[in-house]
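Descriptive analysis of the structure
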Amino acid sequence: MLSNTVQYLIHAFWHVLEHAFQRLGRSHIFLFHIILGIPSVLVRPLLLTKQIYMVGVLSLIIIIVSGMFVGGVLALQLYYELLKFGAENSLGVLNAISLVRELGPVVSGLLFSGRACSALAAEIGLMKATEQLSGMEMMAIDPIKRVIAPRFMAGIISMPILAITFSTLGIIGGHLIGVDLLGIDEGAFWSQMQDKVSFSSDVMNGVIKSIAFGFVATWIALYQGYDAVPTSEGVSRATTKTVVYASLAILALDFVLTALMYGEI
Amino acid sequence: MSFKIDETSDILIEIRDLHFSRGERKIFDGVDIDIRRGCVTAIMGPSGTGKTTLLKLIGGQLQPDSGTIKVAGHDVHKLSRAKLYKLRQKMGMLFQSGALLTDLSVFDNVAYPLREHTKLKKSMIRDIVLTKLHAVGLRGARDLMPSELSGGMSRRVAMARSIVLDPMMIMYDEPFTGQDPISMGVLVQLIRLLNDALGMTSVVVSHDVKETAAISDEICVLSEGKIIEHGTPEQLKKSTSQWVQQFMYGMPDGPVPFQFPAVDYAQDLYGVHS
Ligand SMILES: Nc1ncnc2c1ncn2[C@@H]1O[C@H](COP(=O)(O)OP(=O)(O)O)[C@@H](O)[C@H]1O
Ligand SMILES: [Mg+2]
């Protein structure tokens, strides 16, 4: 009896594992095809511009608003803690470093997954369900080159720009709270920031992170849409999975990248 | 790339001993079909017998378990990707849903294959697209978006798009399903007209017996993974097979029982609580 249950569990576990590996394999083959399709995007810049608009420009509002709020709240929190050490003039530096290194890439990456990647997965899934992708194939047009690759490129290009926008707006939000509201010295706010925030190690590392997040999140979204079961239920599942997997991937990747960039492991 | 398409042989599509399954379920179990050039051939069968699957196999979107499908002398599943794409430019396919690209207007949808596959001038593309739209009676709808079209109109736009590269053949997946009587009449007439006027070969997959029989030169009836009967519509109507009779005349009970297989009715009713 017991051994039967154990056997059943092992079997079920093996089954799940097998499917997970199959999907992992398929998603890498898919990525390989996308990368092969990238040259054909470069000769059709119009396809790419349109997708940058859909993926990037339309995400700007949420990025700008969240950036302002996160920067403002961060300044508020930092101010009262720094005041205890009489170090409130360092608020600008701390604010900027947290934003540029961590919060900018990570929070905008999470927002990007929720706003842009979910839409990508739903769009591709619906194109599959309504036979638009099969239709293109039968017209001898490769949907990976015409539909998938431009969206992939757009995600990778948009994400660092969104992250930089987020950080910039966060710093402005920090200035509004710190300098305009709480009365920190404006000169100290900017000059310390200029002095202590390094372009190569802080700003560039943030940009590299956000490119990596854009790569992974867009890949997940496109794969989930392309591999979706072509029914309304399948598309809705693909959308949910995209947001969950992309968010988790961003957080995990952030940990790895931070350890590689700043850690002495 | 040199890629010759046989333009002369009498048989355009030759299917031999086709086997295909989805998971455990066998969908085709040794199917042979010859589709003659210049004819309208209908493939009929109840829903779920694998009609769409057959068209996808012919188009090279699915891989058979065994058997061959030759289109114009080429084994579809042995071609390289580039050659398969060349061949597909000569094969139109009309999907059940129309499969129009939702973010492009009617005009751009029809122009799409031309823009992708040819280097024609703008004015030339415009002329070709308008001719094809005129042929399906929708020249006036060129600026509408797919969401603004009725089901019958989408199918006609999709038809215009499938013939825009002047293919040698066109495959229709259930073109009449869910159409009102007028659209149905229009589509029936168009399929025959395009076939004869453009010298194409047409494959119509359908379960609408009356409409399909009216325009086809030859009908193959598909059931449980096999072709159980083929011939002209007249021959099929006189078929001695009870199954074909039931299908052609739409009788509710016969070799295909009204009841889904189940245990005995009385036993079922009385046995529930035991
Ligand atoms: N992508 C798929 N995955 C698994 N089974 C499928 C898929 N597509 C179709 N089938 C199954 O294959 C059978 C034949 O489908 P189809 O060719 O669409 O039938 P028809 O067009 O004759 O109604 C059906 O039983 C269907 O459930
Ligand atoms: Mg079907």
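As a reminder, the structure under discussion sits directly above these lines.
Now for a quick tour of the structure. (Residues numbered from 1 in each chain as written. Chains lettered and ligands numbered in written order. Predicted model: local features only at pLDDT ≥ 70, side-chain atom pairs only at ≥ 80, totals over all residues. Heavy atoms only, no water.)

This paragraph deals with the overall build of chain B. Scanning chain B for helices and strands turns up ten helices and ten strands. Here the C-alpha radius of gyration of chain B, 21 Å, is about what a compact globule of 274 residues would show, namely 19 Å. Oriented by its inertia axes, the alpha-carbon framework of chain B measures out at about 75 × 40 × 40 Å. Counting every position in chain B, which comprises 274 residues, the buried fraction comes to 50%. Pairs at least 24 apart in sequence give 63% of the contacts found in chain B among residues at least 6 apart. Accessible area of chain B: about 13600 Å², with a carbon and sulfur share of 53%. On chain B, the mean spot of the 32 positive side-chain charges and the mean spot of the 32 negative ones are 10 Å from each other. (Helix = DSSP H or I, 4+ residues; strand = E, 2+ residues; numbered from the N terminus. Rg over C-alpha atoms; globule rule 2.2 N^0.38 Å. Buried < 20%, exposed > 50% of the residue type's maximum accessible area, 1.4 Å probe, protein only. Contact = heavy atoms within 4.5 Å. Areas by Shrake-Rupley, 256 points an atom, 1.4 Å probe, with all protein chains shown as cover. Lys, Arg positive; Asp, Glu negative; His and termini not counted. Charge placed at Lys NZ, Arg CZ, Asp CG, Glu CD.)

A few words on the site of ligand 1. Residues and elements named next belong to chain B. Around ligand 1 lies a shell formed by Arg22, Arg25, Ile27, Ser47, Gly48, Thr49, Gly50, Lys51, Thr52 and Thr53. One nitrogen or oxygen atom from the side chain of Thr53 is found 2.5 Å from an oxygen atom belonging to ligand 1. Burial of ligand 1 by the surrounding chains reaches 57%, relative to a free accessible area of 560 Å². Elements supplying a minimum of two residues to the shell around ligand 1: β2 (25-36) and α1 (51-58). Looking at the shell around ligand 1, the element that brings in the most residues is α1, giving three residues. Residue classes in the shell around ligand 1 are distributed as one nonpolar, six polar and three charged. (Near = heavy atom within 4 Å. Polar contact = N/O pair within 3.5 Å; in protein donor to acceptor, adjacent residues only side chain to side chain. Nonpolar A, V, L, I, M, F, W, Y, C, P; charged D, E, K, R; others polar.)

Before going further, it helps to examine a nonpolar patch on the surface. Together, Leu110, Val244, Tyr245, Leu248 and Leu251 of chain A line one region of the surface with nonpolar side chains, adding up to about 430 Å² of accessible area. Relative to the assigned elements, Leu251 of chain A resides in helix α9 (residues 232-262). (Patch = residues over 30% accessible without salt bridge, like charges linked within 9 Å, V, L, I, M, F, W, Y side chains within 5 Å. Salt bridge = Lys/Arg side-chain N within 4 Å of Asp/Glu carboxyl O.)

With that settled, consider the sheet that holds β2 of chain B. All names here are of chain B. As summarised here, the arrangement of the four strands in space is β2-β1-β4-β5, forming an open sheet in which the pairing is antiparallel. What marks the edges here is a single partner per strand, and that holds for β2 and β5 (74-75). Inspection of the sheet shows strand β1 (residues 11-22) paired to strand β4 (residues 66-71) by five bridges, in the antiparallel sense. Bridge pairing in β4 links Ile15 to Ile69. α1 rests against β1, β2 and β4 of the sheet, and its axis sits at about 120° to β1. (Pairing = 2+ DSSP bridges. Axes fitted to C-alpha atoms, helices over the stretch in contact; angles between N-to-C directions.)

What follows covers helix α6 (residues 181-197) of chain B. All names here are of chain B. Taking 1.5 Å per residue as the helical rise, α6 with its 17 residues ought to reach 24 Å, and the 24 Å between its terminal C-alpha atoms agrees with that figure. Within the span of α6, buried status applies to Ser183, Met184, Leu187, Val188, Leu190, Ile191, Leu194 and Asn195. Angularly, the buried residues of α6 cover 165° about the axis, an arc narrow enough to put them on a single face. For α6, exposure combined with an orientation more than 90 degrees from the buried face picks out Pro181, Ile182, Gln189, Leu193 and Ala197. Where α6 is buried, its residues touch β3 (40-44), α4 (122-135), α5 (151-162), β7 (169-173), β8 (201-206) and α7 (209-215). (Expected span 1.5 Å × (residues − 1). Arc of directions from axis to C-beta.)

Okay, the pairing of β4 of chain B next. Residues and elements named next belong to chain B. Both β4 and β5 contribute to a ladder of two bridges, which runs antiparallel. When the sheet's bridge partners are listed, Val71 is paired in β5 with His74. Where β4 hands over to β5, the hairpin turn is made up of two residues, of which Ala72 adopts a positive phi near 50°.

So, about unusual backbone geometry. The phi angle at Glu131 of chain A is positive, at roughly 65°, despite the residue not being glycine. Inspection of the secondary structure puts Glu131 of chain A in the loop between α4 (91-129) and α5 (132-138). With phi around 45°, Glu174 of chain B is a residue other than glycine that occupies positive phi space. Turning to its location among the elements, Glu174 of chain B is positioned in the loop between β7 and α6. A residue is classified by how much of its surface remains accessible, and Glu174 of chain B, at 5% relative accessible area, is buried.

Such coordinate-based values are descriptive only and should not be taken to indicate function.
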